[in-house]
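The residues making up each chain are set out below.
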Amino acid sequence: METDPHGDVTVDRVALAEEFAGEAAGAGHAASADVAAYALGLGDDALVLAQRLGDWITRAPELEEDVALGNIALDLLGHARSLLHYAGTHDGRSEDDLAYFRDEPEFRNAWLFEQPNGDFAHTIARQLVASTYLVELYRRVEASTDATLAAIAAKASKEVDYHRDHAIQWTLRLAGGTDESRRRMLRAVEQTWPYVDELFRDDEVVARLVDEGIAPRPSSLREPFDAVIDQVFAEADLARPEGRTAFVVDGRGREGKHTEHLGPLLAEMQVLARAHPGASW
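Here the structure is a predicted model, which is why all the values come from computation and not from measurement. (Residues numbered from 1 in each chain as written. Predicted model: local features only at pLDDT ≥ 70, side-chain atom pairs only at ≥ 80, totals over all residues. Heavy atoms only, no water.)

## Structural notes on the layout of surface pockets
Space inside the largest pocket adds up to approximately 680 Å³. Surrounding the largest pocket, 27 residues form its lining, Leu77, Asp96, Ala99, Tyr100 and Met269 being those nearest its centre. Listed by contribution, the elements that provide at least two residues to the lining of the largest pocket are α2 (33-54), α3 (63-88), α4 (95-100) and α11 (262-275). A per-element tally of the lining of the largest pocket places α3 first, with 7 residues. Of the residues in the lining of the largest pocket, the class split is 17 nonpolar, 5 polar and 5 charged. Volume-wise, the second largest pocket comes out at about 470 Å³. In terms of lining residues, the second largest pocket is bounded by 24 residues, among which Arg201, Asp203, Val205, Val206 and Arg254 are the most central. For the lining of the second largest pocket, the secondary-structure elements that each account for two or more residues are α2, α6 (120-141) and α9 (204-211). Per-element tally for the lining of the second largest pocket: the top contributor is α2, with 5 residues. (1 Å grid on protein atoms, 1.4 Å probe; cavity = no way out; pocket = protein on both sides within 12 Å on 5 of 7 lines; lining within 4 Å. Points joined across faces, edges and corners; volume = space filled by probe spheres on them. Helix = DSSP H or I, 4+ residues; strand = E, 2+ residues; numbered from the N terminus. Nonpolar A, V, L, I, M, F, W, Y, C, P; charged D, E, K, R; others polar.)

Written out as structure tokens, the structure is:
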């Protein structure tokens, strides 16, 4: 029987306790202010993208994609839970406090993750960028001197590797399919590309964590990211945007400044928890 090179990466068969790999590794250890800020940003990236992908359930172009995108969203939700749980150890807030009871300016996700799904090609272009970035990030965070972040990254790495494979296969399929699917893929790449640079922007908090061996410098991830993207684009006969389509947005998501798209997403995600605070079932 052929062995899956990625192992079992579906979360529906993972015990809930295993979603807190970081908690076990860091039992009794509270995050510092800088580590909490870093974990919060990564957790928000995962949470917001999970919410976006969940919108495809019952709407994907085929039943298999309903399942695939749903499972990717659940993987990301697991990453978000571990990261937000760890971030909350700094000031005593729970993962639910952080997910449901913060307002838009308190979220720290990059702009890429909050962009609308668009058509299926747009979602795949966003997934290609996001998952390629996350693969490089989590591989480096696995070597973190912070045991909790390292444990979370070790679990997440296996899953985002599958997410990247999924995005690559669909990029090739759409770019090499019909004239219409190729047109949509080209447009999706052009409209996604402006949000790439923010992912690799260095800041003072991360600089301090780099000095302690806790986190990689974001800019150091750009070269391996570009190498993978260039390889995929070459195979798909795609090119990086040039000229007027190669502009870069001044994303400030890590500072709590967001596009008009995040507010409606949070309103839908948070409405039940805010309407019935403390409810359980």
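After that view of the structure, there is still more to cover.
## Here's the deal with the packing of aromatic side chains
In total, this model carries 5 aromatic pairs according to the counting rule given. Their ring planes at 85° and their centres at 4.8 Å tell us that Phe120 and Trp170 sit as a pair that is edge-to-face. One end of the pair, Phe120, is in helix α6; the other, Trp170, is in helix α7 (residues 147-175), and 50 residues separate them in sequence. We classify Trp170 as buried; its relative accessible area is 9%. Ring centres of Tyr133 and Phe200 lie 5.7 Å apart, and the angle between their planes is 85°; this geometry places the pair in the edge-to-face category. (Phe/Tyr/Trp six-rings, centres within 6.5 Å; stacked < 30°, edge-to-face > 60°. Buried < 20%, exposed > 50% of the residue type's maximum accessible area, 1.4 Å probe, protein only.)

## Here's the deal with the nonpolar core
Membership of the largest hydrophobic core comes to 80 residues, with the highest contact counts inside it found for Tyr38, Phe113, Tyr133, Leu149 and Met185. With 13 residues, α6 is the largest single contributor of residues to this core. If we ignore the near neighbours within four places in the chain, the residues touching Met185 are Ala121, Ile124, Ala125, Thr171, Leu174, Ala175 and Leu238. (Core = buried A, V, L, I, M, F, W, Y, C linked by side-chain atoms within 4.5 Å. Contact = heavy atoms within 4.5 Å.)

## Quick notes on the environment of Asp45
Locating Asp45 in the fold gives a position in helix α2. The class for Asp45 is buried, based on a relative accessible area of 2%. Placed 65 residues apart in sequence, Asp45 and Ala110 show a C-alpha to C-alpha distance of 6.5 Å.

## Description of unusual backbone geometry
Although it is not a glycine, Thr58 sits at a positive phi angle of roughly 75°. Its place among the elements puts Thr58 in the loop between α2 and α3. With phi around 55°, Asp237 is a residue other than glycine that occupies positive phi space. Summarising the element assignment, Asp237 is placed in the loop between α10 (222-236) and α11.

## Section: empty space enclosed by the protein
One pass over the full model with this rule turns up 3 cavities of 30 Å³ or more. Reported here for the second largest cavity is a volume of approximately 40 Å³. Elements represented by at least two residues in the lining of the second largest cavity include exactly α6 and α8 (179-192). Broken down by element, the residue count for the lining of the second largest cavity peaks at 3 residues, all from α6. Counted by class, the lining of the second largest cavity contains 6 nonpolar, 1 polar and no charged residues.

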